[in-house]
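Residues per chain are reported as follows:
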Amino acid sequence: MSTVVENTSGTPMLEIRDIKRDYHVPQGFLKPDKTVHAVKGVSFKLETGKTLAIVGESGCGKSTLARILTFIDEPTGGELLIEGKKVDTRPGHLTAEMRQKVQIVFQNPYGSLNPRQKIGDVLGEPLLINTKMTASERRDRANEMLIKVGLGPEHYNRYPHMFSGGQRQRIAIARALMLNPKLLVLDEPVSALDLSVQAQVLNLLSDLQEEFGLTYVFISHDLSVVRYIADEVMVMYYGEAVEYGTRDAVFTDPQHDYTRTLFAATPRADVDSIRARMAKRGKLVSAG
Ligand SMILES: Nc1ncnc2c1ncn2[C@@H]1O[C@H](COP(=O)(O)OP(=O)(O)O)[C@@H](O)[C@H]1O
Ligand SMILES: [Mg+2]
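Residues numbered from 1 in each chain as written. Chains lettered and ligands numbered in written order. Predicted model: local features only at pLDDT ≥ 70, side-chain atom pairs only at ≥ 80, totals over all residues. Heavy atoms only, no water.

1. Quick notes on the confidence of the model for the protein chain
Per-residue pLDDT for the protein chain has a mean of 90; in total, 89% of the residues score no lower than 70. Counted against residues more than four places away or in other chains, residues 284-288, with its pLDDT under 50, gives eleven contacts. (pLDDT = per-residue confidence, 0-100. Contact = heavy atoms within 4.5 Å.)

Now the structure itself:
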């Protein structure tokens, strides 16, 4: 890891130290299990309100890391700290408070939405499980959140199949925000969407980040998206972080050969067209 992320003052929202995840894959009768080192010791610090983008090819360990950061999976080594507090990630040891602070948004919201559940109930469910709010309080909060993500109360009684891909991703984001989390881990949240819809959802995410002071870990294999959304960038390669730095440092002066290869593989036209689109919407902050 060559480029250094400036150590600003204050306790980081999220810090991980040497996080590892091995999987033992059975090979069949009498054969020893194969060990997959999916994440091989990754560390970073992320300040409140910032976005860390994690980039890398399919299979490099991004989703494994996402599951660890959101307590869905347990690391086989290393430490995870939220607001300076070490999290006990063992099953049954996680506090409800910790679970509420960190939420995940997946690439395919359809897969994570129950087709028989009305959107209002999808949004109300985290409140039903985790709070003592009444049905009408839950309804109000769900309607409020629908508006925040660019939908409306008219969508409350509809089912997931009645929405477009972009709208479903807005619903997934709304659900993730129902318990006022501080950290969102977004695993390829726009990768399944058309380019124009991608831009809209990215804009929504940056508006929500500003409004709620959210911290994002944003996973993507798309460098043009990363360039738009990230404050800091980590490049993963076979389970390792081979590059970690501020967005501008990584994009202007990549240190690792793999990062240069990754950048070279991205057609320049792609980057230019998305930047032009963002600029038109007045959302492009700084040129890189
Ligand atoms: N539950 C699992 N059991 C065994 N191997 C896994 C499991 N989850 C992921 N892996 C392996 O770990 C590696 C990283 O996978 P993943 O985190 O999904 O990568 P990415 O999200 O970057 O595509 C891959 O080799 C994958 O096959
Ligand atoms: Mg993945």
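Read on for the rest.
2. Digging into the nonpolar core
By size, the foremost hydrophobic cluster in this structure holds 36 residues, and its most contacted members are Leu123, Ile171, Ile173, Leu205, Leu208 and Phe218. Element by element, the count of residues in this core is highest for helix H6 (residues 165-177), at six residues. (Core = buried A, V, L, I, M, F, W, Y, C linked by side-chain atoms within 4.5 Å. Buried < 20%, exposed > 50% of the residue type's maximum accessible area, 1.4 Å probe, protein only. Helix = DSSP H or I, 4+ residues; strand = E, 2+ residues; numbered from the N terminus.)

3. Some thoughts on the sheet that holds strand E10 (residues 240-246)
Spatially, six strands are ordered E6-E7-E8-E3-E9-E10 in an open sheet, and the strand pairing comes out mixed. Bordering the open sheet on either side are strand E6 (102-105) and E10, each of which pairs with just one other strand. Recorded for the sheet is a direction-independent mean angle of 15° between the axes of neighbouring strands. Here strand E9 (residues 232-237) pairs with E10 via six bridges, running antiparallel. Considered in E10, the bridge of Val235 is made with Glu243. Strands in contact with H6 are E6 and strand E7 (183-187); relative to E6, the strand with the most contacts, it is inclined by about 170°. Sheet strands in contact with helix H7 (residues 195-212) are strand E3 (51-55), E7 and strand E8 (215-220), and its direction is about 160° off that of E8. (Pairing = 2+ DSSP bridges. Axes fitted to C-alpha atoms, helices over the stretch in contact; angles between N-to-C directions.)

4. Notes on unusual backbone geometry
The phi dihedral of Leu30 is positive, around 65°, even though this residue is not glycine. Judged by relative accessible area, Leu30 falls into the exposed class, the value being 76%. You will see that Asn180, though not glycine, has its phi angle at about 50°, which is positive. Tracing the chain through its elements places Asn180 in the loop between H6 and E7.

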